[in-house]
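Residue-level listing of the chains:
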Amino acid sequence: LHPVAIKPPSGVLDSYVGEYRDSNNVLVATIQRQGDQMFLHNSLGDVTEIQPESTSTFFYPTGSLSRLIFEHDREGRVTGILFRDDRHEEHWDKRK
């Protein structure tokens, strides 16, 4: 089961678009937007839709327990993603 997706403002979705890298500076995810839909492209070339359960937390509608929590600095700029599943957490930095 997963939550019902919400519809954040377009500006919020736009702020999440970009490349995200792990602590070794390896590209692990690219977030893209098509209209109101958001997609995660992983390093293996897989493309998966992600949906917002809040303005900063996204889930995979395929039923995965994983969550993508977008992190912000004091000015509200997106700085990274905390990827969390039932086994571990990873932090991915946003690159401009």
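In what follows, the accompanying structure is described. Each chain carries its own residue numbering, running from 1 in the direction its sequence is written. Per-residue local features are limited, in this predicted model, to residues with pLDDT of at least 70; the limit for side-chain atom pairs, both in listing and counting, is 80 or more; totals at the level of whole chains, interfaces and linings are taken over all residues. Only hydrogens and water are removed before side-chain values are computed, so all heavy atoms of the structure are retained for them.

### Considering the overall build of the protein chain
- Working definition: helices are DSSP H or I runs of at least four residues, strands are E runs of at least two. Numbering for both runs from the N terminus. Each helix and strand in the protein chain was counted, giving 1 helix and 8 strands.
- When the helices and strands of the protein chain are placed in sequence order, the string is α-β-β-β-β-β-β-β-β.
- In this setup the radius of gyration rests on C-alpha atoms only. A globule is expected at 2.2 Å times the number of residues raised to 0.38. For the protein chain, the C-alpha radius of gyration of 12 Å lies close to 12 Å, the compact-globule estimate for 96 residues.
- By its C-alpha atoms, the protein chain is 35 × 30 × 25 Å across when sized along the principal axes.

### Here we look at unusual backbone geometry
- With phi around 65°, Asn 25 is a residue other than glycine that occupies positive phi space.
- By secondary structure assignment, the location of Asn 25 is in the loop between β1 (18-21) and β2 (27-34).
- Judged by its relative accessible area of 43%, Asn 25 is partly exposed. Accessibility here uses a 1.4 Å probe with only protein chains present; expressed as a share of the type maximum, an area under 20% marks a residue as buried, one over 50% as exposed, and anything in between as partly exposed.

### So, the nonpolar core
- In this text, buried Ala, Val, Leu, Ile, Met, Phe, Trp, Tyr and Cys residues form a nonpolar core when linked through side-chain atoms within 4.5 Å. Grouped together as the largest cluster of nonpolar side chains are 17 residues, with contacts concentrated most on Ile 31, Leu 68 and Trp 92.
- Listed by contribution, the elements that provide at least two residues to this core are α1 (10-16), β2, β3 (37-42), β6 (67-72) and β7 (78-84).
- Two residues form a contact once any of their heavy atoms are found within 4.5 Å. Not counting the four nearest positions on each side in its chain, Ile 31 is found in contact with Tyr 16, Val 17, Gly 18, Tyr 20, Met 38, Phe 39, Leu 40, Ile 50, Phe 70 and Ile 81.

### Describing the pattern of salt bridges
- By definition, a salt bridge exists where a carboxyl oxygen of Asp or Glu is found within 4 Å of a side-chain nitrogen of Lys or Arg. According to the stated counting rule, one finds 9 salt bridges in the structure shown.
- The shortest N-O distance in the salt bridge between Arg 21 and Glu 19 comes to 3.4 Å.
- Look at the salt bridges and you will find they share partners, linking Asp 14, Arg 33 and Asp 36 into a network.

### A look at the sheet that holds strand β8 (residues 89-95)
- Whether two strands pair depends on DSSP finding at least two bridges between them. Read around the closed barrel, the 8 strands follow the order β1-β2-β3-β4-β5-β6-β7-β8; overall the barrel is antiparallel. For this sheet, the mean inter-axis angle between neighbouring strands, taken without regard to orientation, is 30°.
- Strand direction decides the pairing type here: β1 and β2, joined by 4 bridges, are antiparallel. By the bridge assignment for β2, Glu 19 is matched with Thr 30. Note on geometry: axes are lines fitted to C-alpha atoms, helical ones only across the stretch in contact, with angles between N-to-C directions running from 0 to 180 degrees.

### Digging into the packing of aromatic side chains
- For Phe, Tyr and Trp, rings pair up if their centres lie within 6.5 Å, where Trp contributes its six-membered ring, and each pair is then called stacked (planes under 30 degrees apart), edge-to-face (over 60) or tilted (otherwise). This model, assessed by the stated rule, comprises 5 aromatic pairs.
- Their ring planes at 20° and their centres at 3.9 Å tell us that Tyr 16 and Phe 70 sit as a pair that is stacked. Here Tyr 16, found in helix α1, pairs with Phe 70, found in strand β6; they are 54 residues apart in sequence, far enough to count as distant.
- Looking at Phe 70, the relative accessible area reads 3%, which means it is buried.

### Some remarks on the side chain of Gln 51
- Among the secondary structure elements, Gln 51 is positioned in strand β4 (residues 47-52).
- The term polar contact refers here to a pair of N or O atoms within 3.5 Å; inside protein, the definition further demands a hydrogen-donor-capable atom paired with an acceptor-capable atom, and it admits residues adjacent in sequence only when both atoms are side-chain atoms. Reaching out from Gln 51, the side chain makes a polar contact with the side chain of Glu 49 at a distance of 3.3 Å.
- Apart from residues lying up to four places away in sequence, Gln 51 is in contact with Ala 5, Thr 57, Phe 58, Phe 59 and Pro 61.

On their own, these measurements won't tell you what the molecule is for.
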